[in-house]
Amino acid sequence: AGLPEDSKGFKFYLRSKGRADKAVLEKGIPRINVYRPGILFGRFSSKGTTSTRSKGNWDTFVAGFECCCCCLVKSAGVHVRHLAEVMVSKAETDDTDCKVIMDNAAIHAHHS
């Protein structure tokens, strides 16, 4: 939310996400977990054969990045299975009165 009002493109997206997170956290909801995973690796249909994203260059890039750049994957995003496990774990164990924002590093640390 600290980005300029006239932000365009990806900066506008980041600004919008920041404003949405802030608005949710300011509500009187006692327990909130916000997840900011970056790139989601392993997104497939329920049949496990096709991506849920649009076809093309992005899917090719993500698949290649996940396979060839394992040292960078943790800083760029998380596997959907790991994110799901963390979300379930947090839902089952967190205190009733907490507000948590988890980025890639926090998601990986919780999953390990």
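Given the structure is predicted, the values throughout are model-derived calculations rather than measurements.

Rules used in this analysis
Residues numbered from 1 in each chain as written. Predicted model: local features only at pLDDT ≥ 70, side-chain atom pairs only at ≥ 80, totals over all residues. Heavy atoms only, no water. Helix = DSSP H or I, 4+ residues; strand = E, 2+ residues; numbered from the N terminus. Contact = heavy atoms within 4.5 Å. Axes fitted to C-alpha atoms, helices over the stretch in contact; angles between N-to-C directions. Parallel < 35°, antiparallel > 145°, perpendicular 65-115°, else oblique. Nonpolar A, V, L, I, M, F, W, Y, C, P; charged D, E, K, R; others polar. Patch = residues over 30% accessible without salt bridge, like charges linked within 9 Å, V, L, I, M, F, W, Y side chains within 5 Å. Areas by Shrake-Rupley, 256 points an atom, 1.4 Å probe, with all protein chains shown as cover. Salt bridge = Lys/Arg side-chain N within 4 Å of Asp/Glu carboxyl O. Core = buried A, V, L, I, M, F, W, Y, C linked by side-chain atoms within 4.5 Å. Buried < 20%, exposed > 50% of the residue type's maximum accessible area, 1.4 Å probe, protein only.

Asks: Please give an account of the environment of Gly-77 that cites residues and values.
Replies: Position of Gly-77 among the secondary structure elements: in strand β3 (residues 77-79). Once residues lying within four places of it in the same chain are set aside, the contact partners of Gly-77 are Pro-37, Gly-38, Ile-39, Phe-41, Asn-104 and His-108.

Asks: Let's hear about the environment of His-108: which residues, and what values?
Replies: Mapped onto the elements of the fold, His-108 is located in helix α5 (residues 104-111). For the pair His-108 and Val-86, spaced 22 residues apart in the sequence, the C-alpha separation amounts to 8.6 Å. Not counting residues within four places of it along the chain, the set of residues in contact with His-108 comprises Lys-74, Gly-77 and Val-78.

Asks: I'd like a rundown of the packing of helix α4 (residues 80-93) against α5, residues and numbers included.
Replies: The contact between α4 and α5 brings their axes to 9 Å, and the two run at 75 degrees. Considering the angle they form, α4 stands roughly perpendicular to α5. Judged by residue contacts, His-82, Leu-83, Glu-85, Val-86, Ser-89 and Lys-90 of α4 engage Ile-107, His-110 and His-111 from α5. Looking at the contact of α4 with α5, its residues break down into 3 nonpolar, 4 polar and 2 charged.

Asks: Describe a nonpolar patch on the surface, naming the residues involved and giving the relevant values.
Replies: Judged by side-chain polarity, Phe-10, Tyr-13 and Leu-14 come together as a nonpolar surface patch covering roughly 340 Å² of accessible area. Summarising the element assignment, Leu-14 is placed in helix α1 (residues 9-25).

Asks: Let's hear about the nonpolar core: which residues, and what values?
Replies: Core analysis: the biggest nonpolar cluster contains 6 residues, these being Tyr-35, Val-78, Leu-83, Val-86, Met-102 and Ile-107. Beyond its immediate stretch of four places on either side in the chain, Val-86 contacts Tyr-35, Met-102, Ile-107, His-110 and His-111.

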